[in-house]
Amino acid sequence: MTAPAHQDLPSPPPEPAGSHTPSAPAPPSRVRRTLRTAATVLVLAGSLFFLVRSLTGGPAETTAAVRRVGPWLLLAELPVLAGLWVTALAWRAPLRHLSGPLPASRAVQIFAAGQLGKYIPGVAWSILLQARLARGARITTAQITVAFGVYAAVSVATGAALGLPAAVLRAEGPLPALLTVGAAAAVLSAAPLMLDHGLALVRRIPAVARRLAPVPRATLREAVGLSTASWLLSGLHLWLLAVALGAGWSEALVPCLGGFALSTAVSSLVVVVPDGIGVRESVLAVALTTCLPPAEAAVAALVSRLLLAVGDVLAFGYGSWAARGARSRTRTLPQPTTGDLS
């Protein structure tokens, strides 16, 4: 039997599971781009509607407050924006271990675009907005949801801990202050361990364990540290407002930083109210009466809300604009042909 004139080349070995590189997504159609733009506009309009309706109950009081602290508004907005950036990094800390590497700038874009969702009643809107943008970074809705839960737990725990000293300012003697400082330090130190045990319980569910990677305790410590820094940094805007309204520089520090963290953490638990509007201002005004008269304390709480709202709108605009730019750059990249070798 003669040998064949040619022999078939051996077929390449099959690719290992999970090593296939997905093809680049096709550019969205004009209809999809129009629907995305319309959805963004509707979310923005709806969020602003709930925000304005909540804040315009006393327009005369709002105008008077802004006039009294007018020269300080721009300066006070800066720590708000800086605090939002650090908060986004705290949110990113667990997410990057659930989904894989995530650049800080991309994480800030995704987090910022979901900021206005909190002004609509219910906790799901922020998650939905973030999940919509996260798909472009190959992050699943389940990963976003768990990361949001970890971030929320860290935020509430650190905010409540930092607010403890402000809660006992009216108590007489140094003992209550020393006890609350010690309790705050204990909560901040134990928070990573408690979160670690909580996540371990959640991952006992087989469906969860298959989809989510464990979050190292070092990452939880990083999230706690960043969240603590974000509370203190954001609270500086309230301290500037209190000083502008006549409070002493030193006596306003604990009521403003601690009161801001405590009131925001408490109001975040009232999920039926958009961003805790009203609840936060009530708790904050009480805390500020230790360094300001009641009328000025109410003014500071209301102007603080306005500055935070402006920061959220700017963050949403930045996140949406940056995400749109990222999609445009992706569409302009040359696509590899079937003959390209990698």
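Our structure is the block above this text.
Because the structure is predicted, anything quoted here is derived from the model rather than measured.

A. Molecular detail of the overall build of the protein. What the protein contains, in helices and strands, is 12 helices and zero strands. Reading the helices (α) and strands (β) of the protein from amino to carboxyl end gives α-α-α-α-α-α-α-α-α-α-α-α. Burial statistics for the protein: of 342 residues in total, 39% are counted as buried. Expressed as a percentage of contacts within the protein between residues at least 6 apart in sequence, the contacts between residues at least 24 apart total 75%. Approximately 18,500 Å² of the protein is accessible, and the part contributed by carbon and sulfur atoms is 69%.

B. Representation of the packing of aromatic side chains within the structure. According to the stated counting rule, one finds five aromatic pairs in the structure shown. Plain terms: the ring middles of Phe111 and Tyr151 are 5.8 Å apart, the flat faces sit at 80° to each other, and that makes the pair edge-to-face. Residue Phe111 is located in helix H4 (residues 104–113), and its partner Tyr151 is located in helix H6 (residues 141–167); the two are separated by 40 residues in the primary sequence. Judged on exposure class, the residue Phe111 and its partner Tyr151 are both buried. Taking 5.8 Å as the distance between ring centres and 70° as the angle between the ring planes, the aromatic pair formed by Trp231 and Phe260 counts as edge-to-face. With Trp231 in helix H9 (residues 217–244) and Phe260 in helix H10 (residues 253–268), this pair connects stretches of sequence that are 29 residues apart. Each of the two residues, Trp231 as well as Phe260, counts as buried. An aromatic cluster of three or more residues is present, and its members are Trp91, Phe111, Phe148 and Tyr151.

C. Inspection of the nonpolar core at higher detail. If you look at the biggest cluster of nonpolar residues, it comprises 30 residues, and the most contacted ones within it are Trp91, Leu95, Ile110, Ile139, Ile144, Val154 and Leu220. With six residues, helix H3 (residues 73–99) is the single largest residue contributor to this core. Excluding its chain neighbours within four sequence positions, the residues that come into contact with Trp91 are Ala107, Ile110, Phe111, Gln130, Ile144, Ala147, Phe148 and Tyr151.

D. Molecular detail of the side chain of Thr228. Inspection of the secondary structure puts Thr228 in helix H9. For Thr228, a relative accessible area of 14% corresponds to the buried category. In terms of polar contacts, Thr228 uses its side chain to reach the backbone carbonyl oxygen of Val224, at 2.8 Å. Beyond its immediate sequence surroundings of up to four residues, Thr228 is in contact with Thr158, Leu162 and Leu188.

E. Seen up close, the state of the cysteines. Summed over all chains, the structure comprises zero disulfides. With no disulfide of its own, Cys256 lies 4.8 Å from the sulfur of Cys291, the closest cysteine sulfur. For Cys291, a relative accessible area of 10% corresponds to the buried category.

F. Seen up close, the environment of Ile127. Summarising the element assignment, Ile127 is placed in helix H5 (residues 124–134). Placed 15 residues apart in sequence, Ile127 and Ala142 show a C-alpha to C-alpha distance of 10.0 Å. With residues near it in sequence (within four places) discarded, Ile127 still touches Ile144, Thr145 and Phe148.

G. Highlighting the pattern of salt bridges. If you walk through the whole model with that rule in mind, you get four salt bridges. Put simply, Arg217 and Asp196 hold a salt bridge, and the shortest N to O gap is 2.7 Å. Pair noted here: Arg217 is in helix H9 and Asp196 is in helix H7 (residues 174–202), with a separation of 21 residues, a long-range link. Given the relative accessible area of 36%, Arg217 is considered partly exposed.

H. Main features of the side chain of Glu281. Tracing the backbone through its elements, the reader meets Glu281 in helix H11 (residues 279–288). Beyond its immediate chain neighbours, meaning those up to four positions away, Glu281 contacts Gly276, Ala301 and Arg305.

I. Spotlight on H4. Among the 10 residues of H4, eight are classified as buried, and the element is accordingly described as predominantly covered. The complete set of buried residues in H4 reads Arg106, Ala107, Val108, Gln109, Ile110, Phe111, Ala112 and Ala113.

The rules behind the values
- Residues numbered from 1 in each chain as written.
- Predicted model: local features only at pLDDT ≥ 70, side-chain atom pairs only at ≥ 80, totals over all residues.
- Heavy atoms only, no water.
- Helix = DSSP H or I, 4+ residues; strand = E, 2+ residues; numbered from the N terminus.
- Buried < 20%, exposed > 50% of the residue type's maximum accessible area, 1.4 Å probe, protein only.
- Contact = heavy atoms within 4.5 Å.
- Areas by Shrake-Rupley, 256 points an atom, 1.4 Å probe, with all protein chains shown as cover.
- Phe/Tyr/Trp six-rings, centres within 6.5 Å; stacked < 30°, edge-to-face > 60°.
- Core = buried A, V, L, I, M, F, W, Y, C linked by side-chain atoms within 4.5 Å.
- Polar contact = N/O pair within 3.5 Å; in protein donor to acceptor, adjacent residues only side chain to side chain.
- Disulfide = S-S within 2.5 Å.
- Salt bridge = Lys/Arg side-chain N within 4 Å of Asp/Glu carboxyl O.

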